[in-house]
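Descriptive analysis of the structure
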Amino acid sequence: MIMKLTKEDARKALLGGLLLGGGGGGLISGGFHALEETFARTEYLTMLSVDELAPEDIVITVSMLGAPSKFGTPLTTDHWQKALANFEQNYGRRVAGFISCENGAASTANGWILSALTGIPVIDAPCNGRAHPTGTMGSMGLNGLPDYQTTQSACGGEGESYLETVATGALQPTSHVIRQSAAAAGGMVGVVRNPVTAAFLAEHAAPGAIRQAMEIGEIYLAAGNGDKFVRRLQEEYEARVLVKGAITDYALRMEGGYDVGTMRVAGAEDAYTLTFWNEFMFAEKDGARVATFPDLICILDAQTGEAISTAEAKAGREVYAIVIPQKKMMLGAGMHQRELFQEAEDILGADMTVCNEKLFR
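Let's talk about the nonpolar core
For soluble globular proteins, the rule of thumb is that nonpolar side chains tend to be buried together. Counting residues in hydrophobic clusters, the biggest one holds 73 residues, and the most contacted among them are Leu-19, Trp-112, Phe-229, Leu-233 and Leu-300. Setting aside anything within four residues of it in sequence, one finds Phe-229 in contact with Leu-19, Ile-216, Ile-219, Tyr-220, Ala-223, Leu-300 and Gly-305.

Quick look at unusual backbone geometry
As a rule of thumb, non-glycine residues mostly have phi less than zero, and peptide bonds are mostly trans rather than cis. Residue Pro-294 follows Phe-293 across a cis peptide bond; omega there is 15°. The topology assignment puts Pro-294 in the loop between strand E13 (288–292) and strand E14 (296–301). For Asn-194, which is not a glycine, the phi torsion comes out positive at approximately 55°. Despite not being glycine, Asn-278 shows a phi value in the positive range, around 65°. Tracing the sequence through the fold places Asn-278 in the loop between strand E11 (271–277) and strand E12 (279–285).

So, the pattern of salt bridges
Summed over all chains, the structure comprises 13 salt bridges. Close ionic contact of Glu-36 with Lys-7 constitutes a salt bridge, the shortest N to O distance being 3.0 Å. Taken together, the residues Glu-36 in helix H2 (residues 28–39) and Lys-7 in helix H1 (residues 7–20) connect sequence positions 29 residues apart. The partly exposed category is assigned to Glu-36, whose relative accessible area is 44%. The class for Lys-7 is partly exposed, based on a relative accessible area of 35%. Note that Arg-11 is salt-bridged to Glu-8, the shortest N-O span being 3.7 Å. Of the two residues, Arg-11 and Glu-8 are both situated in helix H1; the distance of three residues between them amounts to about one turn of the helix. Each of Arg-232, Glu-235 and Glu-236 takes part in a single network of salt bridges with overlapping partners.

Quick notes on the sheet that holds E13
Spatial ordering of the open sheet is given by E13-E12-E11-E10-E9-E15-E14, a layout of seven strands whose pairing is antiparallel. Edge positions in the open sheet fall to E13 and E14, since each of these has one partner strand only. The sheet shows a mean angle of 35° between the axes of neighbouring strands, direction not considered. Two strands pair when backbone bridges link them, and E12 and E13 are joined in this way by four bridges, in the antiparallel orientation. Bridge pairing in E13 places Phe-282 opposite Thr-292. Set on the sheet, helix H8 (residues 226–237) makes contact with strand E9 (240–255), E14 and strand E15 (318–324); between it and E15 the angle comes to about 5°.

What counts, and at which threshold
- Residues numbered from 1 in each chain as written.
- Predicted model: local features only at pLDDT ≥ 70, side-chain atom pairs only at ≥ 80, totals over all residues.
- Heavy atoms only, no water.
- Core = buried A, V, L, I, M, F, W, Y, C linked by side-chain atoms within 4.5 Å.
- Buried < 20%, exposed > 50% of the residue type's maximum accessible area, 1.4 Å probe, protein only.
- Contact = heavy atoms within 4.5 Å.
- Helix = DSSP H or I, 4+ residues; strand = E, 2+ residues; numbered from the N terminus.
- Salt bridge = Lys/Arg side-chain N within 4 Å of Asp/Glu carboxyl O.
- Pairing = 2+ DSSP bridges.
- Axes fitted to C-alpha atoms, helices over the stretch in contact; angles between N-to-C directions.

This is the structure we're talking about:
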């Protein structure tokens, strides 16, 4: 279905993306910056569903890549235009649409600025309906195609950190090059990558996930406070409240372009430890696992209900810690590949199959 995405529609999508980020997906300030940059150039965006495209049409993924704690200086239109220009020069085929790599406070907006600048529509089929830490997790299963060759183009940084990178080849090594580019550029780059046909997109991405973000954003705005928002999430998305309490023992380090760390949320009777690798990866009570990514583990401001990223959490803040089960998420093909969870296991020293028995195909 063709939709004229207004500024208010887009704002709802960002607020829903903030929740669907699961602690990652960029900062809401970055999403609002993209919102203003986009709608300074157009009255509305054209958003298409996958079935509005011809099966052979080419669609590319747009993403911001880096550690959320380093998302200080927003990407400029020059960064995005240079990344696209370098991609087009190296790939050589017409692009019919842009998709985001994921839903998140900033990443839901991926592709909006380029759409406003070029007139190329955004497609409501992100690679994943929730945020995820690695490029391959958002690659729709392309890593499982031995003959697939990707083109990935990145641009970011300023001054002595300014960087343009184009990599062509197999998915894993090119994704590694782009991830290292984010670290070299000061923590973040804008990326266009992974051309696929609309037919492939329909089978392997998360069609309808932008509309889901808009729906969640509308629920958040209608609720007006934390208690009401949590109740609506319980009713509509089977959200489970782990605990309402204060953040304690917050620890974060940057490692290989990722934010890695833990925090505890302690209530009057219970306390839970949340471990993150950009996004929240798992939640535990007294050492026992209660939820594992891609379950949507979130912390929400207790008063307002606004979701809080792992990079912006602060000790002493009163929050809800909640879990929305993965069955309520629109997950792309990358979420069902057991091998893509190995890197998280290596870094976090934890088994990512716990609570995920039905996930892997």
